[in-house]
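# A closer look at the structure
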Amino acid sequence: MKQNPVLVISGPSGVGKGTVIAALLALHPEYGWSVSCTTRPIRPGEVNGKDYYFLSQSEFFKKQQAGDFAEWALVHGNHYGTSRSELLEKQSRYRVVIVEVDVQGAQALKTSGVLLKSIFLLPPDLETLAQRLDKRGTETEASFKKRLQNSADEIKMKDQFDYQVVSLTVPKTVAHIESIIEREFGI
């Protein structure tokens, strides 16, 4: 089975990963997205199977023990994982498969043997990141502070990625990522 390349997009909470990925997918039907699994609660407006596969802890651990994850991590108190079968299926169907993972997941995918390039989305500054995260309206005060601290720690790991892209506006960020895809994958 043909396995097309994977583009890993990572970055701190609130940097705009989901928004940028949605814009890329809307512009490029030849790109696919590997839907991740998570144990976190579903947020308003999210759809199971589209945004994430929302699993119970026991469902997640069954998949984990069966070796169904190409990578998995505990992030902000919830488990996240990339289904190996989902990833392979998408690689056989799309010219480029986009995977959104945290820094731990990106490192695990790099060592999994998957053909990939990685991008770390950076906020213009921490103040802008805090505003974006606050605007989402999904965090308690305690989780908001924890995510900001985790974000600062994640940003320190940006050099472990092939590319760093500052997320200024969606069109500029998408254009930058398109140029990386063209350069790296000839697409």
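The following refers to the structure shown. The shown structure was predicted, so the numbers you read here are calculated from the model rather than taken from an experiment.

Conventions adopted
Residues take numbers from 1 onward in each chain, read along the sequence in its written order. Confidence filtering applies because this is a predicted model: local features only for residues at pLDDT of at least 70, side-chain atom pairs given and counted only at 80 or more, and all residues used for totals across whole chains, interfaces and linings. Only hydrogens and water are removed before side-chain values are computed, so all heavy atoms of the structure are retained for them. Three exposure classes are used, based on accessible area relative to the maximum for each residue type with a 1.4 Å probe and protein chains only: buried under 20%, partly exposed in between, and exposed over 50%. Going along the chain from the N terminus, every DSSP run of H or I of four or more residues is numbered as a helix, and every run of E of two or more is numbered as a strand. Following DSSP output, two strands are said to pair if at least two bridges run between them. Fitted lines through C-alpha atoms give the axes, limited to the stretch in contact for helices. The angle between two N-to-C directions lies from 0 to 180 degrees. Take the far helix as your reference; a near helix turned counterclockwise from it by less than a right angle gives a left-handed crossing, and one turned clockwise gives a right-handed crossing. Here, residues are in contact when the closest pair of their heavy atoms is within 4.5 Å. Residues are grouped as follows: Ala, Val, Leu, Ile, Met, Phe, Trp, Tyr, Cys and Pro are nonpolar; Asp, Glu, Lys and Arg are charged; every other residue, Gly included, is polar. A carboxyl oxygen of Asp or Glu within 4 Å of a side-chain nitrogen of Lys or Arg is what we treat as a salt bridge. Only buried Ala, Val, Leu, Ile, Met, Phe, Trp, Tyr and Cys residues count toward a nonpolar core, and they belong to the same one when joined by side-chain atoms within 4.5 Å.

Here the focus is the pairing of strand β7 (residues 96-100). Extensive coverage of β7 is indicated by the burial of five of its five residues. With burial as the criterion, each face of β7 is covered, one bearing Val96, Ile98 and Glu100 and the other bearing Val97 and Val99. Pairing geometry for strand β2 (residues 31-33) and β7, over three bridges, is parallel. Looking across to β7, one finds that Gly32 is bridged to Val97.

On to the pairing of strand β8 (residues 116-122). Within β8, six of the seven residues are buried, which leaves it mostly tucked inside the rest of the structure. As paired elements, strand β1 (residues 6-10) and β8 share five bridges and run parallel to each other. Bridge pairing in β8 links Val8 to Ser118. Across four bridges, the pairing between β8 and strand β9 (residues 163-166) is parallel. Directly across from Ile119, in β9, lies its bridge partner Tyr163.

Where helix α1 (residues 17-27) contacts helix α7 (residues 170-185), the axes come no closer than 10 Å and their chain directions differ by 65°. In this structure, α1 crosses over α7, and the sense of that crossing is right-handed. Facing Thr19, Val20, Ala23, Leu24 and Leu27 of α1, the residues of α7 in contact are Val170, Thr173, Val174, Ile177 and Glu178. Residue composition of the contact of α1 with α7, by class: seven nonpolar, two polar and one charged.

On to the pattern of salt bridges, then. Applying the stated criterion across every chain yields a total of six salt bridges. Taking the shortest distance from any N to any O, the salt bridge between Glu184 and Lys117 comes out at 3.6 Å. Here Lys117 lies in strand β8 and Glu184 lies in helix α7, a separation of 67 residues in the sequence. Residue class for Glu184 comes out partly exposed when judged on its relative accessible area of 29%. You can call Lys117 partly exposed: its relative accessible area is 26%. A salt bridge links Lys156 to Asp153; the shortest N-O distance between them is 3.8 Å.

On to the sheet that holds strand β4 (residues 53-54). If you walk across this open sheet you meet the four strands as β4-β3-β6-β5, and the pairing is mixed. Pairing within the sheet leaves two strands with one partner each, and these edge strands are β4 and β5 (69-75). Pairing geometry for β5 and strand β6 (residues 78-83), over six bridges, is antiparallel. Bridge pairing in β6 links Ala73 to Tyr80.

Ranked by internal contacts, the top residues of the largest apolar core, which has 22 residues, are Leu7, Ile9, Leu24, Ile119, Leu121 and Ile177. When residues of this core are traced back to their parent elements, those giving at least two are β1, α1, β2, β7, β8, β9 and α7. The element best represented in this core is α7, accounting for five residues. Excluding its chain neighbours within four sequence positions, the residues that come into contact with Ile177 are Leu7, Ile9, Val20, Leu24, Ile119 and Leu121. Formed by 17 residues, the second largest nonpolar core is a distinct cluster that contains Tyr94, Val97, Val103 and Phe161.

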